[in-house]
Structure formats: structure tokens, C-alpha cells
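Residue-level structure breakdown
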Amino acid sequence: MEEPILRRTWAEIHLDRIRYNQENIRAIVGPECKVMGIVKADAYGHGAVMLAKTFLTNGANRLAVSSLDEGVELRQAKIDAPILILGHTAGERAKELIENDIDAAVFTYTDSKAFSDMAVMLERKVRLHIAVDTGMCRIGYVPCPDAVAAVKRISELPNVVMEGIFTHFSEADIMDKTWAHEQYGRFSDFIEKLTAAGVTFNVCHCCNSA
């Protein structure tokens, strides 16, 4: 057998360029709009901790990851900004979620109830973001009367803060924005129906970049 050929490879990340990008995003959206830096999957291999700190010191207000473990990594690095888990977090991990002060995306009553029960037990609050499926077909409530009722039921759970509601554009990177506008319309209409039902949120977010 031949000896394997070992090749040294590395990714060279220029934080000054990351800073430049974040500064321009902030300039485009203006001072009133909140910006969430997405650092899931180790910031797509760029280094989650370093990029999170660079984003936050150059205009980002919040961070998002794909799993609880990724969020805990940021907390262990002394990052105290709000962190949202975009993917599913099982109710069984409620204690770890709450103790690390991390927000959860929810789209089932079962998980929401588990988070609420643990928050009551710990005498803490848990911040939830309702995931809405407007066409990405990945996770979330599909807007309909039953979904309005389901979200209202979650909002009535004890020790729950309805921190946010969000959706994800499936084709933000194409020139024709017709479908993105359709998704935005569905999202806005769902929020209006929830508001009419007495459910409001601190932040509504959907304008993901391509």
C-alpha cells in the first residue's frame, strides 16, 4: 500500500473585510433596523466566535445559530448578545436552553410547553420565536386559522416571552423577486391575524440575505 499524501490546507479569514461588510449592511438598513448575524455551522467554516464578535462590534444586534450546542459555544466565549437557534431544539433540552439564556425557534406546542414548564421550575423566562413556513418548506407553521390558534395557545403559556416571529425566503438570490414578495405577503398577513387575536412580538424578522 502506498503512503497517503498529506496536504496542508487552511482557510484564511480577513476580519477587516467581514467588518467592512457588516458596516455596509448597517449603513444600508439604517439605525432603526436590527441586524442578526448568522454564525451557524461555525459561521460557515469561518470561525463562529471571532465572526460573532466582529459582527457585534460593527453593527449587528443579535446572532443566530443552527443548534443549541452552537449557542452554548458562544456563551462560553463570553458573548452575551441575544442568540436565536434557527433549527429545532427538543423540549428535553429546555434546562440547558434557559440556563444559557438562548432563544428557541418553535413550531410545536409540545416543545413550547416543555420550555414553559422548565422556565416555571427555574423561576426564569424563556424567549420563543415562532417559525412560519411561507414557502421554504423546511420548518414552521403554515399560515392558516389553525396556526393562529396554535400560536395563541403558546403565547398563553406561563413564563414565556413571545420574543419574535420569522420566516425564510427560499429564493432571495434570484433577480425575479415575485416569489419573495409573495412570501412576505403571507408572512405579513399572518402577523396581522395574530395581532387581531391578541398575539404580538418584540421583533418580526424575515429579510434574510441570499
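All values derive from a computational prediction rather than experimental measurement. (Residues numbered from 1 in each chain as written. Predicted model: local features only at pLDDT ≥ 70, side-chain atom pairs only at ≥ 80, totals over all residues. Heavy atoms only, no water.)

**Here we look at the overall build of the protein**
Put simply, the rule is: Where helices and strands are cited, they refer to DSSP runs of H or I of at least four residues and of E of at least two residues respectively, numbered from the N terminus. Each residue is placed in one exposure class: buried if its accessible area under a 1.4 Å probe, protein chains only, is under 20% of its type's maximum, exposed if it is over 50%, and partly exposed if it falls in between. Here, residues are in contact when the closest pair of their heavy atoms is within 4.5 Å. Using the Shrake-Rupley algorithm and a 1.4 Å probe, accessible areas are obtained, with residue cover drawn only from the displayed protein chains. Counted as positive: Lys and Arg. Counted as negative: Asp and Glu, with His and the chain ends omitted from the count. In this description, the location of a charge corresponds to atom NZ of lysine, CZ of arginine, CG of aspartate or CD of glutamate.
Summing up its helical and strand segments, the protein has eight helices and seven strands in all. Buried positions account for 40% of the 210 residues belonging to the protein. In the protein, of all internal contacts separated by at least 6 residues, the share reaching a separation of at least 24 is 62%. Carbon and sulfur atoms provide 54% of the accessible area of the protein, an area that totals close to 12200 Å². Looking at the protein, you have 23 positive and 29 negative side-chain charges, and the mean spots of the two groups are 4 Å apart.

**What to know about the nonpolar core**
The criterion, for reference: As used here, the term nonpolar core means buried Ala, Val, Leu, Ile, Met, Phe, Trp, Tyr and Cys residues forming a set that is joined through side-chain atoms within 4.5 Å.
In terms of nonpolar packing, the biggest core is built from 52 residues, with V39, L74, I130, V151 and I165 touching the most fellow members. Excluding residues that lie within four positions of it along the chain, V39 makes contacts with A48, L51, A52, F55, L63, A64, V65 and L74.

**Side note on the pattern of salt bridges**
Basically, it comes down to this: The salt bridge criterion pairs a side-chain nitrogen of Lys or Arg with a carboxyl oxygen of Asp or Glu, the two atoms within 4 Å.
Overall, the coordinates contain ten salt bridges when judged by the stated rule. A salt bridge links E156 to K152, with the shortest nitrogen-to-oxygen separation between them at 3.7 Å. The exposed category is assigned to E156, whose relative accessible area is 54%. Across the salt bridge formed by E182 and R186, the nearest N and O atoms sit 3.2 Å from each other. Of the two residues, E182 and R186 both sit in helix α8 (residues 178-196), four residues apart, roughly one turn of that helix. Beyond isolated ion pairs, a larger network of salt bridges with shared partners links D69, R93 and E96.

**Description of the sheet that holds strand β1 (residues 36-38)**
For sheets, the rule is that strands pair by backbone hydrogen bonds, running either parallel or antiparallel. This is how it is decided: What makes two strands pair is DSSP finding at least two bridges between them. Lines are fitted to the C-alpha atoms to define the axes, a helix being fitted only along its stretch in contact, and any angle between axes, read from their N-to-C directions, falls within 0 to 180 degrees.
Pairing is parallel in the open sheet, where seven strands are placed in the order β1-β2-β3-β4-β5-β6-β7. Only two strands of the sheet have a single partner each, and these edge strands are β1 and β7 (203-205). Direction aside, neighbouring strands of the sheet carry axes that sit 30° apart on average. In this sheet, strand β3 (residues 83-85) lies alongside strand β2 (residues 62-65) in parallel orientation, the contact comprising three bridges. Within β3, the position partnered with A64 by the bridge is L84.

**A closer look at the environment of G59**
Examined against the element boundaries, G59 turns out to sit in the loop between α3 (48-56) and β2. A C-alpha to C-alpha distance of 9.2 Å links G59 and N24, two positions 35 residues apart in sequence. In this structure, G59 is in contact with Q22, R26 and V35, ignoring residues within four places of it in sequence.

**A few points about the pairing of strand β5 (residues 126-131)**
Threshold: Clockwise travel from the first strand over the helix to the second, with the strands pointing away from the viewer, marks a crossover as right-handed.
Judged by how many residues are buried, β5 sits mostly within the fold: five of six residues are covered. Across three bridges, strand β4 (residues 103-106) lies against β5 in parallel orientation. Bridge pairing in β5 places A104 opposite L128. For the handedness criterion, the β-α-β arrangement of β4, helix α6 (residues 109-122) and β5 is classed as right-handed. Where β5 meets strand β6 (residues 160-166), six bridges bridge the pair, whose relative direction is parallel. Its bridge partner being in β6, V126 is matched across the sheet by V160. A crossover links β5 with its parallel partner β6, the connecting element being helix α7 (residues 145-155), and its sense is right-handed.

**A short note on the environment of I83**
Tracing the backbone shows I83 in strand β3. I83 gets classed as buried once you look at its relative accessible area, which sits at 0%. A sequence separation of 20 residues divides I83 from D103, and the C-alpha atoms of the two residues are 5.9 Å apart. Look past the residues within four positions of I83 in its chain and what remains in contact with it is L63, V65, G71, L74, R75, I102 and D103.

**A look at the pairing of β6**
Of all seven residues in β6, six are buried; the element is thus mostly enclosed. By the bridge criterion, three bridges tie β6 to β7 in an arrangement that is parallel. Opposite G164, over in β7, you have V203 as the bridge partner. In this region the chain leaves β6, passes through α8 and returns to the parallel neighbour β7; the handedness of that crossover is right-handed.

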